[in-house]
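# Structure at a glance
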Amino acid sequence: MGKLGREVYEQELLRLQTELVKLQEWVRATGARLVVAFEGRDAAGKGSAIKRITEHLNPRVARIVALPAPSERERTQWYFQRYVAHLPAAGEIVLLDRSWYNRAGVERVMGYCTPEEHRLFLRQCPQFERMLVEDGVLLRKYWFSVSDGEQERRFRKRLDDPLKRWKLSPMDLESLTRWEDYSRAKDEMMVHTDTAESPWYAVEGDDKRRARINMIAHLLSTIDYHEVTAPKIKLPARPPSSGYQRTARALQREVPDHAAELV
């Protein structure tokens, strides 16, 4: 299957983003709570999919949560505790750029948790997610896959791109040498956490455009939203001037006109 063409991609992406705005307004109007978890291989396209989803959404309604490594205090908490603090209230959407599944992936493979902690996670995670769903949270989980060759190509591209070099971390490089370890960890995770209440959905990510379109279209298809009629807005007439005079620009610190130097 060939790469999805740019023109087709951009047309469909715009249509889907329009639907995402409708979904956002439905969430806000009905008080729904939506959580979308993005997991998968490094450089599989999670971040770019999140970026396209949120491009036209209200950041007060839809927010991205990408937690750093836990602090010393957080390490002593119940594992799910720091994630609970970021769950949505009524009328909110939370996109998890990696989630509590860190324990089943990087922590498991890199030895950042004990085997006992990992086993406890696999037992508790389905119960935790079941409680969320029973409480009315709309939980969607996406696993982004990428082939080993395509992952390495993207890593090399990041290495040569000053705008993307920050995306390469020591953990990313470890993922190259621990490919099969991560595969086994993912398979074990799926066995325990791919449940009827909270299933996993796999996204093939070698073609980023296709992956974004497929993931967004699927997300929209799983939620029974509808278009909310927005109140009519009429711009008020501007009142006549009451004699205000703008402060002289010479008294302000203006940003230099850098753009003028480009002409």
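What counts and how
- Residues numbered from 1 in each chain as written.
- Predicted model: local features only at pLDDT ≥ 70, side-chain atom pairs only at ≥ 80, totals over all residues.
- Heavy atoms only, no water.
- Helix = DSSP H or I, 4+ residues; strand = E, 2+ residues; numbered from the N terminus.
- Areas by Shrake-Rupley, 256 points an atom, 1.4 Å probe, with all protein chains shown as cover.
- Lys, Arg positive; Asp, Glu negative; His and termini not counted.
- Charge placed at Lys NZ, Arg CZ, Asp CG, Glu CD.
- UniProt positions renumbered as here; feature names shortened; annotations may be inferred.
- Buried < 20%, exposed > 50% of the residue type's maximum accessible area, 1.4 Å probe, protein only.
- Polar contact = N/O pair within 3.5 Å; in protein donor to acceptor, adjacent residues only side chain to side chain.
- Contact = heavy atoms within 4.5 Å.
- Pairing = 2+ DSSP bridges.
- Axes fitted to C-alpha atoms, helices over the stretch in contact; angles between N-to-C directions.
- Parallel < 35°, antiparallel > 145°, perpendicular 65-115°, else oblique.
- Left-handed = near helix turned anticlockwise from the far one by under 90°.
- Nonpolar A, V, L, I, M, F, W, Y, C, P; charged D, E, K, R; others polar.

## Quick word on the overall build of the chain
Across its full length, the chain holds 10 helices and five strands. Over its C-alpha atoms, taken along the principal directions, the chain stretches across nearly 75 × 45 × 45 Å. Taken as a whole, the chain presents about 16,500 Å² of accessible surface, with 53% of it coming from carbon and sulfur. The centroid of the 44 positive side-chain charges in the chain is displaced by 5 Å from the centroid of its 39 negative side-chain charges.

## A closer look at the UniProt feature "domain: Polyphosphate kinase-2-related" (unreviewed entry) in the chain
As recorded in UniProt, the sites labelled "domain: Polyphosphate kinase-2-related" (unreviewed entry) are residues 5–229. Annotated as 52% helix and 14% strand, the span residues 5–229 places its first and last C-alpha atoms 34 Å apart.

## Structural notes on the side chain of Glu129
With respect to the helices and strands, the residue Glu129 is situated in helix 6 (residues 115–134). Given a relative accessible area of 1%, Glu129 falls into the buried group. Polar side-chain contacts of Glu129 include one of 2.9 Å to the side chain of Trp100. Not counting the four nearest positions on each side in its chain, Glu129 is found in contact with Trp100, Tyr101, Leu139, Lys141, Thr193 and Ser198.

## As for the pairing of strand 4 (residues 138–145)
Regular strands have side chains that alternate between both faces of the sheet. Among the eight residues in strand 4, seven count as buried, and that is most of the element. Here strand 1 (residues 33–40) pairs with strand 4 via seven bridges, running parallel. In the strand pairing of strand 4, Leu34 is matched with Leu138. Direction of pairing for strand 4 relative to strand 5 (residues 200–204): parallel, over a ladder of five bridges. Each bridged residue has a counterpart across the sheet, and for Phe144 the counterpart in strand 5 is Val203.

## Focus: the pairing of strand 1
Strand 1 sits mainly inside the fold: seven of its eight residues count as buried. Of the strand pairs in this sheet, strand 1 and strand 3 (residues 92–97) are connected by six bridges, and their pairing is parallel. Residue pairing across strands places Phe38 opposite Asp97, the latter belonging to strand 3.

## What about the packing of helix 6 against helix 9 (residues 179–193)?
Pairs of packed helices are described in terms of their axes, by the angle between the two and the distance that separates them. Relative to each other, helix 6 and helix 9 sit at 40°, their axes nearing to 9 Å. Considering their axes alone, helix 6 and helix 9 lie oblique with respect to each other. Between helix 6 and helix 9 lies a crossing whose hand is right-handed. Along the contact surface, helix 6 presents His118, Leu122, Cys125, Pro126 and Glu129, while helix 9 presents Glu188, Met189, His192 and Thr193. In the contact of helix 6 with helix 9, the residues fall into four nonpolar, three polar and two charged.

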